[in-house]
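Spelled out from the first residue to the last, the chains are:
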Amino acid sequence: MVKSTEVRRQIGELTEIIRDHQFRYYVLDKPIISDGEFDALLKELQALESKYPEFKDLNSPTELVGGGFSTHFIQHDHIEKMMSLDNVFGIEELETWFERIEKSGAKNSWLCEVKVDGLAINLLYEKGKLVRALTRGNGTTGEDVTLNIKTISAIPHDLSGKNIPELLEVRGEVFFPVEAFNEFNDGLEEEGKQRFANPRNAAAGSLRQKDPRITASRPLSMVVHGIGASSGVSVAAQSDAYELLKSWGLPTSNRYKVAQSRKEVIDFINYYEKHRHDVEHEIDGAVVKVNELSVQQELGFTSRAPKWAIAFKYPPEEVTTRLLDIKVSVGRTGRVTPFAFMEPVVVAGSTVTNATLHNQEEVERKGILIGDIVVIRKAGDVIPEVLGPVVERRTGNEKPFVMPKKCPDCSTALRAMTDGDVDLRCPNSQSCPAQLRERIYYIGSRAVLDIDVLGYEAATAMLNDKLLTDESGLFSLTSDDLSRSQFFLKKDGSLGANAEKFLAALDDAKKRPLWRVIVALSIRHVGPTAAQALAKSFASLEAIAGASQEELARVDGVGGIIAESIVEWFSIDWHRNIVKQWGAAGVSLVDAKVENTTPQTLVGLTLVVTGSLVDFTRDGVSEVIALHGGKVSSSVSKKTDYVVVGDAPGSKATKAEELGVPILDEAGFKALLAGIKP
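The model shown is predicted, which means the values in this text are computed figures rather than measured ones.

> Honestly, the pairing of strand E5 (residues 129-135) in this entry has me stumped. Any pointers?
Regular strands show a simple pattern: their side chains alternate between the two faces of the sheet. Direction of pairing for strand E4 (residues 119-126) relative to E5: antiparallel, over a ladder of six bridges. Residue pairing across strands places Asn122 opposite Leu134, the latter belonging to E5. Where E4 folds back on E5, the antiparallel hairpin that results is connected by two residues, among which Lys127 adopts a positive phi of roughly 50°.

> What's the story with the environment of Ile676 in this structure? I'm lost.
If you trace the backbone, Ile676 turns up in the segment after helix H24 (666-673). Residues Ile676 and Glu292, spaced 384 residues apart in sequence, show a C-alpha to C-alpha distance of 45 Å.

> Would you mind going over the sheet that holds strand E8 (residues 221-231) with me for this structure?
Across a sheet, strands are paired by hydrogen bonds formed along the backbone, either parallel or antiparallel in direction. Spatially, four strands are ordered E5-E4-E7-E8 in an open sheet, and the strand pairing comes out antiparallel. In this open sheet, the two strands that pair with only one neighbour each are E5 and E8. On average, adjacent strands in this sheet sit at an angle of 25° to one another, irrespective of strand direction. Where strand E7 (residues 167-175) lies against E8, eight bridges are found, and the strand directions are antiparallel. Opposite Gly172, over in E8, you have Val224 as the bridge partner.

> Is there a simple way to explain helix H21 (residues 573-584) in this structure?
For an α-helix, 3.6 residues make a turn, and residues three or four places apart therefore share a direction. In this model, H21 (twelve residues) spans 16 Å end to end at C-alpha, consistent with the 16 Å of a helix rising 1.5 Å per residue. Turning to H21, its buried residues are Trp574, His575, Ile578, Val579 and Trp582. Along H21, the residues classed as buried sweep out an arc of 155° about the axis, all on the same side. Relative to its buried face, H21 has exposed residues pointing more than 90 degrees away, namely Asp573, Lys580 and Ala584. In the core, the buried residues of H21 are packed alongside helix H12 (433-444), helix H16 (514-520), helix H18 (541-546) and helix H20 (559-570). The first or second residue beyond H21 is Gly586, which carries a positive phi of 105°.

> Please clarify how the nonpolar core should be interpreted in this entry.
Note on soluble globular proteins: their nonpolar side chains tend to be buried together. One finds Ile451, Met462, Leu474, Phe475 and Phe502 to be the most contacted residues of the largest nonpolar core, which totals 58 residues. Those elements that place two or more of their residues in this core are H12, helix H13 (456-464), helix H15 (497-509), H16, helix H17 (528-538), H18, H20 and H21. Not counting residues within four places of it along the chain, the set of residues in contact with Met462 comprises Ile440, Leu454, Leu467, Leu468, Leu474, Leu477, Phe488 and Phe502. In this structure, Leu123, Leu130, Val145 and Ile149 belong to the second largest nonpolar core, which totals 29 residues.

> Which parts of the structure should I look at to understand the environment of Phe538?
The topology assignment puts Phe538 in helix H17. Spatially, the C-alpha atoms of Phe538 and Val590 are 9.0 Å apart, while their sequence positions differ by 52 residues.

> Just checking my understanding: could you explain unusual backbone geometry for this structure?
In most cases, non-glycine residues show a negative phi, while peptide bonds are predominantly trans. For Asp450, which is not glycine, the phi dihedral falls at a positive 50°. The class for Asp450 is partly exposed, based on a relative accessible area of 39%. Although it is not a glycine, Ala539 sits at a positive phi angle of roughly 65°. Position of Ala539 among the secondary structure elements: in the loop between H17 and H18. Accessibility expressed as a relative area gives 27% for Ala539, which makes it partly exposed.

> Teacher, can you tell me more about the packing of aromatic side chains here?
Taken as a whole and assessed by the stated rule, the structure comprises 17 aromatic pairs. Here Trp569 and Phe570 contribute two aromatic rings whose centre-to-centre distance is 4.9 Å and whose plane-to-plane angle is 80°, an arrangement assigned as edge-to-face. In terms of burial, Trp569 and Phe570 fall into one category: buried. Here the aromatic residues Trp97, Phe98 and Trp110 are joined through ring pairs into a cluster of three or more. Its end group placed over the ring of Tyr442, Arg332 keeps NZ or CZ at 3.5 Å from the ring centre.

> Help me understand the packing of H12 against H13, please; the structure alone is not making it clear to me.
Geometrically, a packed helix pair is captured by the angle between its two axes and the distance between the axes. Where H12 meets H13, the axes come as close as 9 Å, and the angle between the chain directions of the two elements is 130°. The orientation of H12 relative to H13 falls into the category oblique. Two packed elements cross with a definite hand, and for H12 against H13 that hand is right-handed. For the pair H12 and H13, the contacting residues are Pro433, Leu436, Arg437, Glu438, Ile440 and Tyr441 in the first and Tyr456, Ala459, Thr460, Met462 and Leu463 in the second.

> Please clarify how the pattern of salt bridges should be interpreted in this entry.
Pairing of side chains with opposite charge becomes possible as their charged atoms draw close. Scanning the entire structure with this criterion turns up 29 salt bridges. In this structure, Glu113 engages Lys289 in a salt bridge whose closest nitrogen and oxygen atoms are separated by 2.8 Å. Here Glu113 is found in strand E3 (residues 110-116), whereas its partner Lys289 is found in strand E10 (residues 283-290), with 176 residues between them in sequence. No difference in accessibility class separates Glu113 from Lys289, as the two residues are buried. One salt bridge in this structure joins Asp481 and Arg484, with 3.1 Å as the shortest N-O distance. Judged by relative accessible area, which is 47%, Arg484 ranks as partly exposed. What you see here is one network of salt bridges that share partners, running through Glu362, Arg365, Lys366 and Glu385.

About the cut-offs
Residues numbered from 1 in each chain as written. Predicted model: local features only at pLDDT ≥ 70, side-chain atom pairs only at ≥ 80, totals over all residues. Heavy atoms only, no water. Pairing = 2+ DSSP bridges. Helix = DSSP H or I, 4+ residues; strand = E, 2+ residues; numbered from the N terminus. Axes fitted to C-alpha atoms, helices over the stretch in contact; angles between N-to-C directions. Expected span 1.5 Å × (residues − 1). Buried < 20%, exposed > 50% of the residue type's maximum accessible area, 1.4 Å probe, protein only. Arc of directions from axis to C-beta. Contact = heavy atoms within 4.5 Å. Core = buried A, V, L, I, M, F, W, Y, C linked by side-chain atoms within 4.5 Å. Phe/Tyr/Trp six-rings, centres within 6.5 Å; stacked < 30°, edge-to-face > 60°. Lys NZ or Arg CZ within 6 Å of the ring centre and 35° of its normal. Parallel < 35°, antiparallel > 145°, perpendicular 65-115°, else oblique. Left-handed = near helix turned anticlockwise from the far one by under 90°. Salt bridge = Lys/Arg side-chain N within 4 Å of Asp/Glu carboxyl O.

Next comes the structure, spelled out in structure tokens:
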């Protein structure tokens, strides 16, 4: 009796907790736990209900699709119920699902597609005309967002093509393209408004605007992935349905594949887990469906999900954890950055304890207190970032962060380098241990001189063992020098293989292009773009050092602030000594001219690229434009000659239209590269 009472209590509490989280997620768009944590709660409830079905609530969240909560929008029923998807979180679980399908004895193929992290929408077309758009709601009833949906350019108001059905429900996901989201968020910040935490929240917030004009101002898009109720639609496979939807002008994805084996399915899943940040919209997994519709019908549905489809969820990129402390780190240019020290948490497949907080003003703006439960995000290789606190989970024991007045590594008084600078810096750039360590590590990084072995441990060891006092002696190191550091020795005291590898890497690095050497000097504000412009204009480090601020500022891509920083850097004796010592050690300080045989078809042209291109990566398209003599700009102006538009373009495409700047698709861009002007 005691056990049954306890089980009933557990199920009841879990049900209430999950419903509360659903309300925050679906109605308020302010979740206080991550998707991964929510999935774990739901899985726990499913396990209890499976073991003790007699205690299952009639309105259990495991039987309902989505939140099922009403807002101020008018509600309508879907003609055919909008189902959710069951989830698996690993290959072993996926294999179990495969086995269940194959027990039916039906021979089938699999349709694999990426799982868009957006807002589920149901479009209703009658005689080819869009008459209603509903959110998923509880699966049976959704909220009417027709006017807002009609502002999305990707969604046709009228279907085109042949054999248009009398009635058609189309299911899909509305999303905020990542590039456009970043631009939009930057704009909010410039206006002093609060940033959105992620593209999904931005999409949901944009669709729930009472004024459709606000929705229209935001570059939402959509991808459709299924058919609900229909009249006069006849297809044999899910993939055929996608081709049919595409023929009617609906926005289908090209990121799907029909697989003939389990291995092909798993390869697809693994590929997009590795390349999830190459996609124009956010994805949180992959979806696997039985492709043949006859087999789908045979397998049927549970109360909330089709048995013939499964969502393979990737490790979550947003999670919550407790902020134990806020500490500060000192970067290579002396900038002192607060960072969060947290209870260890797994995010995007790796365990993290630290996350950036940018600066003191950002900590205050986000309202973060030491002791808070915080939401952190890690996308790809990006350093984890604290998005904000979960205010509802405060206990009253939290305390504010106070920025230190002295450098934690050398005790020098911190100060702002210029009036109005929000960042505090340690001015002891020559001998601050933290700055030295960071600069030497940076020199060896792949983006700079790409020196094998010269990682964080090597940089720390060389400074601790007095092999270096600053970066000036780096390229003069010898075997004898390395023998004084345990890092480069074997257990028997002889030099290890890493020593030989390191010295060989140093020799290779001496031949790097001039612009990389400029970046390696860690001159404030001078990144790869400015360094390349300087190398192209002056051809030697000596010429750059001797140029006036006015001469430097006239270089396209440099400007006044960078020019001032360069002049200031070369005015310091120990900085000039770095250049002198590197040159004496054989580092190339001149621009080695390499003959460019590429046709200069873009000379004098400035191009802006927005959206995802099929045959070019983001970095690759910039290199191609430069090789052809053109210039790449990050913003559209009247001086822009062309805007190249790929899939899911951002607001740059809209601005180009407003300014009358010619827009090229990928085919037009390739023609331009070949010398054919539109």
